[in-house]
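Structural overview for review
Chain by chain, the residues run as shown.
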Amino acid sequence: MCVVDGRGGYQKSDNYCPKLDVPDSKVECVKGSDRFDCLRKLRKNMADFSVFTPEDLIAAVNTENDVLITNELRISLSDPYEEQIVAVVSKSSGITNTHDLKEKILCHPGYESNGFISEVLTNFLESTVVRPQKCDISRTVPENRILSSSAFFKSACKPGPWMNDPDTDRELKQKYENLCRACNTPQVCSKDDKYYGSSGSLLCLKDGTGDISWTTYKQVRLQFDLDNKNNSDEWTDYNFLCRDNTMRPLNSTNPCPWVAQPWSVVAANRKYAVEIQKIVSNATHTPGSWQAALLDLLEIIGYHVDVYTLDGTQAVDSYLSLIPGYLNANSFTGCPQPRTVRVCTTSIPSQYKCGWMREAAAVHGLEPDIDCLKADNATHCMEAIQRNVADVVIVHPDYINIAKREYNLKTLFYEAVNDDGKYLTVPVINRISKIETFADLKGKRACFPMYDGVAWNTVIHELSERKLISTCPYEEAVANFFGDSCVPDIPQNYSKLRKLCPPNVVRDDVGALDCVKNGVADVAFVSENSLRSYILDKSNSKFDFRVLCEHEPCYQSWSPPAQAMVSHNTTSWRDKDVLDVFFEIDNLFGTKFKGATRMFAMYGEFDGKHNVLFNDNTVRLQKTPRLRNYDKMPREYEELLTKIKPCIEVEYSSSTQFVPSRLALYISLLYSILRINKPNNLPTKSKESRTSSTVPNKRQVSDRSTGSRVQKVQYFPNTKQMYTNVVKAAQQSPKESKDNRERHKTRTLTQSEIRVLKSDSECSSLENFVSRPQTATIKKAPQPNPDDYEDDFDSYESDFEEYTSSPAESETISEASSTEEDIPIKANTEIDGEHKLDSGNFDLPETRYTQVLDSIGENETKPSFNEPNRSNLTSLSDEGFEDGKIDKSGQFINFLEAQRKQNQLKSLTVKRQRGEELAGMIKLDAQIFMIFEMESIPYHQYIKKFGNNNTLQTATQTGHDNISVETQTIERIYTNKWTQYPIKLQQIKKNDIDLEIYKQEALGIGTDTVMNSIYTETNKIQYNEHSLKYFVKSASDVILNLIEEKSQQKNCKDIEVNSKKIPFSDGYITFNTKLPHLENVPVICANFGNNTTKLITIHSSKRCSFLCVWKISDPNNPEYCIKIHVTVTCSVLLGLYIYSGINDGSIAVWDLQDQNMQSFENIIPPSYITNINTGHVAKIISIEVVDADENCTNDDACNCQVYSLDEDGYFIVWTVIVLQTITKKQISLQKSLQCCFKQLYPHLPNLQCTNMAVHHLDINHIFISTNYGQILHVVSTTGTKANPSKYTAGWTVQSNCITPCPFSPLYVLSAYENGKMALFSRHIETPLITLTNCDDDSNENGIEFVEWSKNKPCVLYAKDKKNCIHIWDLSQSDIFPVCTVPFKDEINFMKLSPNASKDETVKRSYMVLISNKFNVNLYILNKDHGQQNPTDYDANVKKFLNYVNRL
């Protein structure tokens, strides 16, 4: 059997195939990459049978696979087809036949995942009835089809994407808007529409929007209740429209489907078809048997299937001809001259794969059709596209530049991959090499994969950017920069770059890497992926390499692994045709394929070969080279190509005019001057010689295109030749006499005044630009003025300039002067007895020469001026004060050196002063964090938290299961025997098996056969007790919550009517706080659980505190009541865990699953409590539980984090650790982060924190209100700085409370003692807007509590000290509240319930108010302030975001 694995739970081969390897099994597994691969294996007799879909069968017929169908795999044996597609019309529409559909309204299910199997069935109605079909050659094939439907129907609803390209899809929907006019949201027309899918199409008809619905028969039976479960007669208003122009009622036993979708089938080779049919038909689900494993492998559709045996084996075409309309739907014709996309391939495997891709696209109805053409190589494909023989070719990055420049191609789409799959160009060198920078590659040997490829152009760009080359053409520049190299296919005239190439050089990365491996070259420029594969090869295991990396990232360029290229002359509609068909193929057969298994694998291994037609690592096809448009990796190859300045190439003709560059003009001018000064007795050059020296060089450049007779020439000045001409002219000029070379107002330079003007980089650049003898250029330095040094060292800029001269440099210059040819320097012959030598240079006196050498020796032996040991300084005699150290002119030799040291001392003093000033100006931020080691948790607890639900780990990555097994060529027959002494007899029963067991036990010896049958009988029912308990408990909790929510909706007996009209509430529920132990105990606060079904209240007095957990459906008695002897200040209820902050600074946790949690009398100790000295030392004012699992059930202790804050500004983040022991769960808190705001803000000495808010949309951001009115901003991520760190509203009154925006993580609201509220953006320190409840700023109007509505984004609730609740609606006014509600009893606490609904169900929302009379009233929000339906909710959120964006 050929088995194809799918994704996730559909990867069955590893689990079930080993179960087929038993002695009595008649089946074994052969793995296939996709279902088409199984078809190929059946044709090659590598497999005998497999499971195929109907689309596979169409391809089998087209490819002439001789297979027979043996069985059908049905979900329901009573249904002959998997799906039946019908047309339902309304009787009121007047439709009686297909001709009446003209100018009617169509309800179409849309495309993509709409319940239909393929696009062929989705379009079958329109392809059948819509006439005429448009075939405009100036439009794409999909647009012609859409245009035909738009002209035929009056309007329609075709929701979902029409095209795979979003831009084209949006353009067509705007152009043919009548096909979306009938949708619920016509301006969007997406798959989120109410009328999307087969069910939505029928709903469109039932709502009276459309006249005809194209849907499935299952939806008709379901929505019209044709099984009479509810006795509905709605179906009488509609009829089936049959393809033969007849009408039938919906309750007809024959629904007349236009087309039916058959079930998946088992198909086998003709030779074994009958035997396979018997094997599959007789297979049963006997646990542990190979037949059960076989049935599990057959269930590719993901459900338990029933095997339906056909009446004999059937040929594919005969079987499909019995399916209504199926062959007709897959064979309908389009335009008379169908269009094709001609794909050019370069190898036999890619041509083979392209053919199967064509079949896959055809059976899914994709247009245009695909045609595959084969060429010998990529350049032939490019030429074929240039000549309009082919349309598209997949091009490797190395050929991109050639394709664009020589064949006029353009990129249509890219193969997008993850970062590790991109073509990254890196320089590879030997690990022991001393090369550290790109400049070090000067003169080194290099190997490239090919000429004009990615590596070649990347290196040219890198060298140009670093200004290491500047010569044109670049081939010559690279040849001058590198030593002998190997660049395959480079023109013959650059022999230096071909010198290292072997006779049969391989044009790929492997050949370049072999150069470095074998020591032929010093560096190779290759792709990182090729390098990775090269190292994995065992033959290269000893290759010790490293990547030359100067900065991150280390690669020099990156490119997608391949891209599709088309002719630059193609029309836009033709490009859209090609683009849409490939994007649709990617959508169906790429990494995001639909269905359990894949029909055709577009990416990945093909017939055992890698990177065939497409790269194996491709994620999807993109119009941009990046996987995501915001994925901005630097150094994209195509961007680098645009930065490489091309050499000027023009067609040579007699009319071509040469425009010299500025440098050429200067050199030509110098040459002319030299020739004018040339004496008459110097022999002149011939006319031809003069012409060749002044006219720019005309260099021949061979054309890369094969067979081209047109030669391109290149005009630019040959600077090397010009320089040579100038030097020759200077050498040929007669030497002037001594009388004519008198030097006036000049002097001889001292050794310390000589400077080398060219740096190393400049020298290398100069050598590449002009090849000439290397000479040390020197010039006369200006006389130093001692008075100028003070000005030089006064500014801070000069403090950081380094002195470039050193004794070592002087020695280098001296040595260079003795070995290199110097440019003549004019000197004063009257000083120091200088005289000119025959060479034209001037000699120094012997005493002067000696003094210079002595000075150099002293500089070598003297300690540095910066050394701390000052006792070894040279004496005055060493500084030149002895008689022998003074020249004839009376000048001191080392005066400048002493002056330099004095100035250097001044510079160091100024630098030190400047450093001290900067140190006082720089302030470092303090980051406080704690590192802790958490106790290891059991493995099953880790899997429970991070693993998948209802799954069991069957394998690990430890490698212990990778055991090599020796295979015997001759089968060995063996049997296991057992023996036992003394014998032990069991009680026998009345069957043959027990009798056989008794015989073996009486003998004390037996075999495994009978015992295995015993184990099979006794272990039929196997289950995991722990998983079963977990499932039952979780399910019961869910059911209880649902029942409680339903009870809250329907049970209104406890709801009391408001004594006066309250605009936000219809009534309230009063909790029974008059119980004996709760009466007269103040209620300080309350909080909702992680859903709206439970409420926790805190009752605290001087003697003790009570924590009560109430069910909202039962307000008379608390579900849990905990009595403790300390004062609780705040609490949070999460699942069955209560986290409480205590006034002494400790945090207590109670597990409600423990026993005796209902006690008013006894003190109940917490399950865990922190030590006072290890946490807070002041009263905790706020506690928040974040990062909890949304799927946390009541019995599951979810791992989460607890944020706590005390009034002294100490903030701690705790990590909740839950360990499962044998008897119970143990919970603990581990401190993971802490900070003290008094230390962070020392300028606020009396800082007191009043409230804390954690943004649950972004839990890393915490906001804290203070008594100074500043809002502190903290980021819980270690190493991340909050910006801004605080927010200021402009006044210094206390901020009482703070609440984050429930709809956006960017906004937070703070309320102040002066009666004002400030709305802050997270990125701006000042408020966006200030809201004021009254005109004056007195403390009597201070706001004590503020709540942001969880249902309406623009609504705010603020309670002030005058006991009034102000309701703000920013959508109506931000100047004053829309309503103010005064309350008689003083309100001590106010809290809104969370919006716990995750679906479209509208549930109740609440506001809890606690009065000074110890009453807890739960107000039920009315429909204007409660939960909104999704449409209104989205509209309100959009309105709010538009409002704040304008602030």
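Preceding this section is the structure that the text describes.
Cut-off values and rules
Residues numbered from 1 in each chain as written. Predicted model: local features only at pLDDT ≥ 70, side-chain atom pairs only at ≥ 80, totals over all residues. Heavy atoms only, no water. Helix = DSSP H or I, 4+ residues; strand = E, 2+ residues; numbered from the N terminus. Buried < 20%, exposed > 50% of the residue type's maximum accessible area, 1.4 Å probe, protein only. Contact = heavy atoms within 4.5 Å. Areas by Shrake-Rupley, 256 points an atom, 1.4 Å probe, with all protein chains shown as cover. Core = buried A, V, L, I, M, F, W, Y, C linked by side-chain atoms within 4.5 Å. Salt bridge = Lys/Arg side-chain N within 4 Å of Asp/Glu carboxyl O. Disulfide = S-S within 2.5 Å. Expected span 1.5 Å × (residues − 1). Pairing = 2+ DSSP bridges. Axes fitted to C-alpha atoms, helices over the stretch in contact; angles between N-to-C directions. Phe/Tyr/Trp six-rings, centres within 6.5 Å; stacked < 30°, edge-to-face > 60°. Lys NZ or Arg CZ within 6 Å of the ring centre and 35° of its normal. Patch = residues over 30% accessible without salt bridge, like charges linked within 9 Å, V, L, I, M, F, W, Y side chains within 5 Å. Lys, Arg positive; Asp, Glu negative; His and termini not counted. Charge placed at Lys NZ, Arg CZ, Asp CG, Glu CD.

1. Here's the deal with the overall build of the protein
Secondary structure summary: the protein contains 38 helices and 59 strands in total. Counting all 1447 residues of the protein, 47% fall into the buried class. Considering only intrachain contacts with a sequence separation of at least 6, the fraction spanning at least 24 residues in the protein is 65%. When the accessible area of the protein is evaluated, it comes to approximately 75,900 Å², of which 50% is carbon and sulfur surface.

2. Some words on the nonpolar core
One finds Met357, Ile370, Phe582, Ile585 and Phe600 to be the most contacted residues of the largest nonpolar core, which totals 97 residues. For this core, the element with the highest residue contribution is helix H21 (residues 572-589), accounting for 8 residues. Among all residues touching Phe600, those that are not within four sequence positions of it are Asp34, Phe36, Lys353, Trp356, Met357, Ala360 and Phe589. Within the second largest apolar cluster, 55 residues are counted, among which are Phe1064, Phe1345, Val1408 and Tyr1419.

3. Topic: the pattern of salt bridges
When charged atoms on two side chains of opposite charge get close, those side chains can pair. Inspection of every chain in the model, using the stated rule, returns 43 salt bridges. The residue Arg466 makes a salt bridge to Glu550 at a minimum N-O spacing of 3.1 Å. Here Arg466, found in the loop between helix H17 (454-465) and helix H18 (474-481), pairs with Glu550, found in the loop between strand S21 (545-547) and strand S22 (557-559); they are 84 residues apart in sequence, far enough to count as distant. For Glu550, a relative accessible area of 33% puts it in the partly exposed group. Through salt bridges with shared partners, a single network forms among Asp37, Arg40, Lys41, Lys44 and Asp607.

4. Side note on the state of the cysteines
Two cysteines whose sulfur atoms are joined by a covalent bond form what is called a disulfide. In this structure the tally under the stated criterion is 10 disulfides. A sulfur-sulfur separation of 2.2 Å characterises the disulfide bridge that pairs Cys107 with Cys204. Looking along the S-S bond of the Cys107-Cys204 disulfide, the torsion reads about -55°, which is the left-handed sense. With Cys107 in strand S6 (residues 105-107) and Cys204 in helix H8 (residues 197-206), this pair connects stretches of sequence that are 97 residues apart. Of the residues examined, Cys107 reaches a relative accessible area of 1% and is grouped as buried. Taking relative accessible area as the criterion, Cys204 reaches 1% and is therefore assigned buried.

5. Observations concerning H17
Relative to the 16 Å expected for 12 residues at 1.5 Å per residue, H17 spans 16 Å between its end C-alpha atoms, a close match to the ideal helical length. The buried fraction of H17 is high, at 10 of 12 residues. Among the residues making up H17, those that are buried are Val454, Ala455, Trp456, Asn457, Thr458, Val459, Ile460, His461, Glu462 and Leu463. Taken together, the buried residues of H17 touch helix H16 (400-406), strand S18 (423-430), H18, strand S20 (523-527), S22 and helix H22 (637-643). Lys467 sits one or two residues past H17 and shows a positive phi near 60°.

6. Some remarks on unusual backbone geometry
Each neighbour pair has its own omega, and for Arg131 with Pro132 the value is 0°, a cis peptide bond. On the secondary structure map, Pro132 appears in the loop between helix H5 (124-129) and helix H6 (141-152). Here the residue pair Asn1283 and Pro1284 is connected by a cis peptide bond, since its omega of 0° sits within 30 degrees of zero. If you check the backbone angles, Glu64 has positive phi at about 60° while not being a glycine. Checked against the element boundaries, Glu64 lands in the loop between helix H3 (54-62) and strand S4 (67-74).

7. A few points about the environment of Leu1392
Topologically, Leu1392 is positioned in strand S57 (residues 1387-1392). Each C-alpha atom of the pair Leu1392 and Trp1348 lies 8.1 Å from the other, and the pair is 44 residues apart in sequence.

8. Quick notes on the sheet that holds strand S54 (residues 1355-1360)
Taken together, the 4 strands give an open sheet; going across it, the order is S53-S54-S55-S56, and neighbouring strands pair in antiparallel fashion. A strand with exactly one partner marks an edge of an open sheet, and here the two such strands are strand S53 (1343-1348) and strand S56 (1379-1382). Here the average twist between neighbouring strands, direction ignored, is 20°. As paired strands, S53 and S54 are joined by 5 bridges and run antiparallel to one another. For Glu1347, the partnering residue across the bridge sits in S54 and is Tyr1357.

9. Digging into the sheet that holds strand S51 (residues 1316-1321)
Taking strand neighbours across the sheet as the criterion, the 4 strands line up as S49-S50-S51-S52 in an open arrangement whose pairing is antiparallel. Both edges of this open sheet fall to strand S49 (1295-1300) and strand S52 (1329-1332), since each of them pairs with a single strand only. Averaged over all pairs of adjacent strands, the angle between their axes in this sheet comes to 20°, without regard to strand direction. Summarising the sheet, S49 and strand S50 (residues 1307-1312) pair through 5 bridges and their orientation is antiparallel. Its bridge partner being in S50, Ile1298 is matched across the sheet by Ser1310.

10. Describing the packing of aromatic side chains
Applying the stated criterion to the full structure yields 32 aromatic pairs. Centre to centre, the rings of Phe1064 and Tyr1419 are 6.4 Å apart; their planes meet at 65°, and the pair counts as edge-to-face. Note that Phe1064 is positioned in the loop between helix H36 (1025-1050) and strand S32 (1065-1070) and Tyr1419 in strand S59 (residues 1416-1421), a separation of 355 residues in sequence. Between Phe1383 and Tyr1419, the ring centres sit 6.3 Å apart and the planes meet at 80°, which makes this aromatic pair edge-to-face. Here Phe1383 is found in the loop between S56 and S57, whereas its partner Tyr1419 is found in strand S59, with 36 residues between them in sequence. By relative accessible area, Phe1383 is classed as buried at 15%. According to the relative accessible area criterion, Tyr1419 is buried, its value standing at 8%. One aromatic cluster is present, built from ring pairs that chain together Phe438, Phe448, Tyr451, Trp456, Phe481, Phe482 and Phe525. Stacked on the ring of Trp558, the Lys or Arg Lys422 has its end atom at 4.2 Å from the ring centre. Stacked on the ring of Tyr555, the Lys or Arg Arg635 has its end atom at 5.8 Å from the ring centre.

11. Details of a nonpolar patch on the surface
A grouping of Ile983, Leu985, Leu995 and Tyr998 is seen on the molecular surface, where their side chains present a nonpolar patch of about 340 Å² in accessible area. Counting through the fold element by element, Ile983 comes out in the loop between strand S30 (977-979) and helix H34 (992-1003).

12. Digging into the side chain of Thr345
Of note, Thr345 is situated in strand S14 (residues 340-345). Take Thr345: its relative accessible area is 2%, and that puts it in the buried class. Among all residues touching Thr345, those that are not within four sequence positions of it are Ser350, Gln351, Cys354, Leu373, Lys374, Ala375, Cys381 and Leu613.

13. Notes on a negative patch on the surface
Side chains of Asp21, Glu28, Asp48 and Glu275 sit close together on the surface and give a patch of like negative charge. Judged by its relative accessible area of 58%, Asp21 falls in the exposed class.

14. Topic: the pairing of S59
Most of S59 is tucked away: 6 of the 6 residues are buried. In S59, alternate side chains face the same way, and those of Val1416, Leu1418 and Ile1420 on one face and Asn1417, Tyr1419 and Leu1421 on the other are all buried. With 5 bridges connecting them, S32 and S59 associate as antiparallel partners. Along S59, the bridge assignment pairs Thr1070 with Asn1417. The hairpin formed by strand S58 (residues 1406-1411) and S59 contains 4 residues between the paired strands, and Phe1414 there has a positive phi angle of roughly 65°.

15. Here we look at the pairing of S50
Each regular strand displays side chains that alternate between the two surfaces of the sheet. Most of S50 sits out of view: 6 of its 6 residues are buried. Residues Tyr1307, Leu1309 and Ala1311 line one face of S50 and the alternating positions Val1308, Ser1310 and Tyr1312 line the opposite face, and both faces are buried. The antiparallel pairing of S49 with S50 creates a hairpin that spans 6 residues between the two strands. In the sheet, S50 pairs with S51 via 5 bridges, with the strands oriented antiparallel. When the sheet's bridge partners are listed, Val1308 is paired in S51 with Phe1320. The loop that links S50 with its antiparallel partner S51 comprises 3 residues; one of these, Gly1315, has a positive phi angle of about 85°.

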